[in-house]
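# Observations on the three-dimensional arrangement
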Amino acid sequence: QVQLVESGGGLVQPGGSLRLSCAASGTIFRPNVMGWYRQAPGKQRELVASTTSGGSTNYVDSVKGRFTISRDSAKNTVYLQMSSLKSEDAAVYFCKLAQLSGHVEYWGQGTQVTVSS
């Protein structure tokens, strides 16, 4: 019923910035949480940032002060603005939507972020 499509990944130098987008199609019910996860080769998938339909946000400690998650409700899109990027941030970034009332979640297919000089 819901499809998530990530975009905006690419190659950036350390210290650079990148904005990821996650566009959701279909019917989105409240309450819900949308979040960004990342997974580097050989590493476990990690929750990076999340935002609720009520507007609250949460970040993993390693990205606090550097990443910002936001929503455009009219476009059913969530963004991850990444700045001061480090090599440790390189990963495939995945978008997830969790519809809390029905205990249903959806995943995007991921977008690659490469941080290299």
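Residues numbered from 1 in each chain as written. Predicted model: local features only at pLDDT ≥ 70, side-chain atom pairs only at ≥ 80, totals over all residues. Heavy atoms only, no water.

When the charged atoms of two side chains with opposite charge come close together, those side chains can pair. Taken as a whole and assessed by the stated rule, the structure comprises five salt bridges. Here Arg-38 ties to Asp-89 by a salt bridge, and the two come within 2.9 Å at their closest N and O atoms. Taken together, the residues Arg-38 in strand 4 (residues 32-39) and Asp-89 in the loop between strand 8 (77-82) and strand 9 (91-99) connect sequence positions 51 residues apart. As far as burial versus exposure is concerned, Arg-38 and Asp-89 are alike and both buried. (Salt bridge = Lys/Arg side-chain N within 4 Å of Asp/Glu carboxyl O. Helix = DSSP H or I, 4+ residues; strand = E, 2+ residues; numbered from the N terminus. Buried < 20%, exposed > 50% of the residue type's maximum accessible area, 1.4 Å probe, protein only.)

Counted under the stated rule, the structure contains one disulfide. Across the disulfide, Cys-22 is cross-linked to Cys-95 (sulfur-sulfur distance 2.1 Å). The sign of the -85 degrees torsion about the S-S bond sets the Cys-22-Cys-95 disulfide as left-handed. Separated by 73 residues along the polypeptide, Cys-22 in strand 3 (residues 18-25) and Cys-95 in strand 9 bring together distant segments of the chain. For Cys-22, a relative accessible area of 0% gives the class buried. Taking the relative accessible area as the measure of exposure, Cys-95 reaches 0% and is therefore buried. (Disulfide = S-S within 2.5 Å.)

This next bit is on the packing of aromatic side chains. This model, assessed by the stated rule, comprises one aromatic pair. The interplanar angle of 55 degrees and the centroid separation of 4.8 Å between the aromatic rings of Tyr-37 and Trp-107 together place this pair among those described as tilted. Here Tyr-37, found in strand 4, pairs with Trp-107, found in strand 10 (residues 104-107); they are 70 residues apart in sequence, far enough to count as distant. When its relative accessible area of 33% is taken as the criterion, Trp-107 is described as partly exposed. Above the face of the Phe-94 ring, Arg-45 is positioned so that its terminal group lies 3.8 Å from the ring centre. Directly above the aromatic system of Trp-107 lies the positively charged group of Arg-45, at a separation of 4.8 Å from the ring centroid. (Phe/Tyr/Trp six-rings, centres within 6.5 Å; stacked < 30°, edge-to-face > 60°. Lys NZ or Arg CZ within 6 Å of the ring centre and 35° of its normal.)

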